[in-house]
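Now for the letters of each chain:
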Protein chains: 2
Amino acid sequence: MSAISRRLVLKERPRFQIPTAKCFRLEEVVIPNPGQGQIRIRTTWLGIDPNLFSKVKKVSDQSKPIAIGSVMYGATVGRVDISNHPDFKEGDVVHGLWGWQDYHVCDGSGITKISDDGLRPSYYLGALGAAGFGAYLAVNEVLKVNQGDVVFCSAATGALGQIVGQLSKLKGAMVYGAASSDEKCGLAVSELGYKDCFNYKAPDFERTVSDRIESGIDAMVVSAGGKTFDATFPMMNVGGRIAVCGLMALYSMSQLPVTPDRSFMILNEILLKRLSVRGSMVLDKLNTEVHARFMTEMTSWIISGKIKPVEHVIEGLENAPNALRGIFDGENLGKSVVHISD
Amino acid sequence: MSAISRRLVLKERPRFQIPTAKCFRLEEVVIPNPGQGQIRIRTTWLGIDPNLFSKVKKVSDQSKPIAIGSVMYGATVGRVDISNHPDFKEGDVVHGLWGWQDYHVCDGSGITKISDDGLRPSYYLGALGAAGFGAYLAVNEVLKVNQGDVVFCSAATGALGQIVGQLSKLKGAMVYGAASSDEKCGLAVSELGYKDCFNYKAPDFERTVSDRIESGIDAMVVSAGGKTFDATFPMMNVGGRIAVCGLMALYSMSQLPVTPDRSFMILNEILLKRLSVRGSMVLDKLNTEVHARFMTEMTSWIISGKIKPVEHVIEGLENAPNALRGIFDGENLGKSVVHISD
């Protein structure tokens, strides 16, 4: 065990929309020791989530970005290595929100022990974390996906999309998706429950989607926006439901495109087709009854093999900033997690 | 009784979006006589509805406009003057969908007798017709307006808006609206249940709205779109609900405005504020349980004076085309109805 703890500090906000490695600085500090009633956690995994974006850049009046010079933080998994707290013992595997750093000292509040169910601890950052819960809320609560529904999900092989696909199929729906390469599309079909998946970088993407989803779309999960949304929104069936869970394409825009303003067309489609469009954020539902139900159900689906989470593992704390950039560039296949230590 | 029956025939589709008087031709024909099992109706009132627009111009793939040379038709009230049908007798007041003409002969299907409740028969074209039902669906079914909600309705003094205001107030909500003149705004406040109403033609409209609805908006009825929507959409509170019931401002556009495309901003607001946006059309709910409940409740509210429908009466069949144009120009104060005969 080294005598220093490394940590990533926010050095500057991104000039353009996507945070790059130069926004962060790797610092070394003496490993902190826990005081009375405290625990020390050795960080093992960091979760790379799109919402980390709002921690480095103000995206709305509601978002409070972290201060320049502060340690970057997010969903994290670790192992207790010293405990002066009655509820924790050395070796406990825990998850929570803490810094992008090797060691974290705290009083244990907001830290949850991971039950000994044999699942990979990193799943608590993905399929059992915000992405999985977001997919669960979208499919089960917002869209109420049912047997026979035609579902579309943008970013089919992303952290959220991979669960949307598998979960919708579990509900008896027919699921279509989009991804950024033929390879990813292949995986979506072979592993993630998708009936078909379309490469949105292909020149004939829009026509392919409209040719191959003959029956139109009953329910849609929007996580990316952009080209995929433009191609599929006109294909919604009368009475269709849309869950807006994320807009990664928007984050990477530096300005609105100067094209005819289609906001009215969107409202007009909503009217003519009696669509129902709802924003969904996991934040609102953490620690509620539905969250408890999700944890129980998702754990059993993973154990039984009904849902198989795919992970994109990046090695080393120092590579976390590039991992964050990578999810906006679509580099990940499945949930992006950074491996810090064993 | 004259020996001729006048009728308005669609001569040509509007070159630009709004139908004008020159799109119609007034014809004279011999008054038709009913055959065995038929009735003849003397038209007394025509209802002027925004959806008549889709009868003269194709607005979507779903809409089937009437053929050039055919008689224009819409929601209508009349009195049976000859009956060869066992279910109808001379003097029965009826409503239904038939031509913009003095006399109508039919076999009685789709024709509904108006109960003898002492209400103005023309109310069956407004407060008890599509506009009233649209307002009822929006307030009760889509938005589920409750005590203490802050509600906003564009076109406060229009056929739908006047009922939205009164109905929302009845539910204990605080209702704000917009209209095209200070005079209309005054009426919205004094007669239609609005707490405040803003002239959307005033240069400081946007600022006034944001200054005076301090608590933000919980529930919104969109019937116009355009400037009013632009000013109020950013004021939606977290968890807010929007019912899209009409987009009159869109109908009068000849092309989409070439400004930055805000469709993403709309999706982003839906996401960040977890809004719920739903299209609502009365068509889907006619002759359902909720329609029967609406008829019973609205009738009793009107009889008891809890809801006071406002009508904008235009005299003479020949003026129906101008009345149709008028609702797009905001000439009406309340529900536009054309008086054909007593």
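Definitions and limits used
- Residues numbered from 1 in each chain as written.
- Chains lettered and ligands numbered in written order.
- Predicted model: local features only at pLDDT ≥ 70, side-chain atom pairs only at ≥ 80, totals over all residues.
- Heavy atoms only, no water.
- Helix = DSSP H or I, 4+ residues; strand = E, 2+ residues; numbered from the N terminus.
- Rg over C-alpha atoms; globule rule 2.2 N^0.38 Å.
- Buried < 20%, exposed > 50% of the residue type's maximum accessible area, 1.4 Å probe, protein only.
- Contact = heavy atoms within 4.5 Å.
- Areas by Shrake-Rupley, 256 points an atom, 1.4 Å probe, with all protein chains shown as cover.
- Lys, Arg positive; Asp, Glu negative; His and termini not counted.
- Charge placed at Lys NZ, Arg CZ, Asp CG, Glu CD.
- Phe/Tyr/Trp six-rings, centres within 6.5 Å; stacked < 30°, edge-to-face > 60°.
- Pairing = 2+ DSSP bridges.
- Axes fitted to C-alpha atoms, helices over the stretch in contact; angles between N-to-C directions.
- Salt bridge = Lys/Arg side-chain N within 4 Å of Asp/Glu carboxyl O.
- Expected span 1.5 Å × (residues − 1).
- Arc of directions from axis to C-beta.
- Domains from an automatic or database assignment.
- Buried area = accessible area lost by both parts, 1.4 Å probe.
- Polar contact = N/O pair within 3.5 Å; in protein donor to acceptor, adjacent residues only side chain to side chain.
- Nonpolar A, V, L, I, M, F, W, Y, C, P; charged D, E, K, R; others polar.
- Right-handed = clockwise from strand over helix to strand, strands pointing away.
- Parallel < 35°, antiparallel > 145°, perpendicular 65-115°, else oblique.

Draft legend 1. Quick peek at the overall build of chain A. The secondary structure content of chain A amounts to 10 helices and 16 strands. Compactness check: chain A gives a C-alpha radius of gyration of 21 Å against a globular reference of 20 Å for 342 residues, within 12% of the reference. Projected onto its principal axes, the C-alpha coordinates of chain A cover approximately 65 × 45 × 35 Å. Relative to its 342 residues, chain A shows a buried fraction of 56%. A sequence separation of at least 24 residues applies to 68% of the contacts in chain A between residues at least 6 apart. Just so you have it, chain A exposes about 14,400 Å², and 50% of that area is on carbon and sulfur atoms. Of note, chain A has its 37 positive side-chain charges centred 3 Å away from the centre of its 36 negative side-chain charges.

Draft legend 2. Focus on the environment of Leu 46 of chain B. Residues and elements named next belong to chain B. Checked against the element boundaries, Leu 46 lands in strand β3 (residues 39-47). Accessibility expressed as a relative area gives 0% for Leu 46, which makes it buried. Each C-alpha atom, one on Leu 46 and one on Leu 286, is 19 Å from the other, the two residues being 240 residues apart in sequence. Residue contacts for Leu 46: discarding those within four places in its chain leaves Ala 75, Thr 76, Gly 99, Trp 100, Leu 125, Leu 317, Ala 320, Ser 336, Val 337, Val 338 and Ile 340.

Draft legend 3. Expanded view of the packing of aromatic side chains. Residues and elements named next belong to chain B. Inspection of the entire model under this criterion finds 14 aromatic pairs over all chains. For the pair Tyr 176 and Phe 198, a centre-to-centre distance of 6.3 Å together with 5 degrees between the ring planes defines the contact as stacked. Linking Tyr 176 in strand β9 (residues 174-179) with Phe 198 in strand β10 (residues 196-199), this pair joins segments that are 22 residues apart in sequence. For the pair Tyr 176 and Phe 198, one class covers both residues: buried.

Draft legend 4. Looking closely at the sheet that holds strand β8 (residues 150-153) of chain B. Reading across from one edge, β10(A)-β9(A)-β8(A)-β11(A)-β12(A)-β14(A)-β14(B)-β12(B)-β11(B)-β8(B)-β9(B)-β10(B) is the order of the 12 strands in this open sheet, with mixed pairing throughout. The open sheet has two free edges, formed respectively by β10 (196-199) of chain A together with β10 of chain B, since each of these has just one partner strand. Going from strand to strand, the sheet's axes swing by 15 degrees on average, the running direction of each strand aside. Across five bridges, strand β11 (residues 217-222) of chain B lies against strand β12 (residues 236-244) of chain B in parallel orientation.

Draft legend 5. Structural detail: the pattern of salt bridges. Residues and elements named next belong to chain A. All told, the structure shown has 36 salt bridges over all chains when counted by the stated rule. Between Arg 6 and Asp 102 there is a salt bridge, with its nearest N and O atoms 2.9 Å apart. Of this pair, Arg 6 sits in strand β1 (residues 4-10) while Asp 102 sits in the loop between β5 (93-99) and β6 (103-106); the two residues are 96 residues apart in sequence, bridging distant segments of the chain. Judged by relative accessible area, Asp 102 falls into the buried class, the value being 4%. One continuous salt-bridge network, built from bridges that share partners, spans Arg 6, Arg 42, Asp 102 and Glu 318.

Draft legend 6. Structural view of helix α9 (residues 289-303) of chain B. Residues and elements named next belong to chain B. Its 15 residues give α9 an end-to-end C-alpha distance of 21 Å, which sits within 8% of 21 Å, the value for a rise of 1.5 Å per residue. Looking only at α9, the buried set comprises Val 290, His 291, Phe 294, Met 298, Thr 299, Trp 301 and Ile 302. Around the axis of α9, the buried residues are gathered within 165 degrees of arc, so they sit on the same side. In α9, those exposed residues whose orientation departs by more than 90 degrees from the buried face are Glu 289, Thr 296 and Ile 303. At its buried positions, α9 is contacted by α2 (130-142) and α3 (161-170). Backbone geometry just downstream of α9 places Gly 305 in the positive-phi region, at approximately 80 degrees.

Draft legend 7. Quick peek at unusual backbone geometry. You will see that Ala 155 of chain B, though not glycine, has its phi angle at about 55 degrees, which is positive. Tracing the backbone through its elements, the reader meets Ala 155 of chain B in the loop between β8 and α3.

Draft legend 8. Broad picture of the environment of Pro 14 of chain B. Tracing the chain through its elements places Pro 14 of chain B in the loop between β1 (4-10) and β2 (24-30). For the pair formed by Pro 14 of chain B and Phe 53 of chain B, sequence separation is 39 residues and the distance between their alpha carbons is 9.8 Å.

Draft legend 9. Focus on the domain arrangement of chain A. Residues and elements named next belong to chain A. Split into domains, chain A comes out as domain 1 (4-126 + 309-339) and domain 2 (130-283). Put simply, the middle of domain 1 and the middle of domain 2, counted by C-alpha atoms, are 29 Å apart. Contacts between the two partners involve 15 residues from domain 1 and, on the opposite side, 17 residues from domain 2. Summed over both partners, the interface of domain 1 with domain 2 buries about 1,400 Å², with 63% contributed by carbon and sulfur atoms. When the buried surface of domain 1 facing domain 2 is broken down by residue, Gln 17, Val 310 and Leu 333 rank first, second and third, together holding 31% of it. The tally of links between domain 1 and domain 2 comes to zero salt bridges. At the surface where domain 1 touches domain 2, the tally comes to five residue pairs in polar contact (both at pLDDT 80 or more). Here the side of domain 1 that touches domain 2 is built from residues that sort into eight nonpolar, five polar and two charged.

Draft legend 10. Region of the structure containing the pairing of strand β15 (residues 311-315) of chain A. Residue and element names in this part refer to chain A. By the bridge criterion, five bridges tie β15 to strand β16 (residues 335-339) in an arrangement that is parallel. Bridging across to β16, Val 313 finds its partner in Val 337. On the question of chirality, the crossover connecting β15 to the parallel β16 by way of helix α10 (residues 320-328) is right-handed.

Draft legend 11. Highlighting the packing of helix α2 (residues 130-142) of chain A against helix α9 (residues 289-303) of chain A. Residue and element names in this part refer to chain A. Closest axis-to-axis distance for the α2/α9 pair is 10 Å, and the angle between their directions is 105 degrees. Put simply, α2 runs roughly perpendicular to α9. Listed contacts from α9 to Gly 132, Phe 133, Tyr 136, Leu 137, Asn 140 and Glu 141 of α2 are Val 290, His 291, Arg 293, Phe 294, Glu 297, Met 298 and Trp 301.

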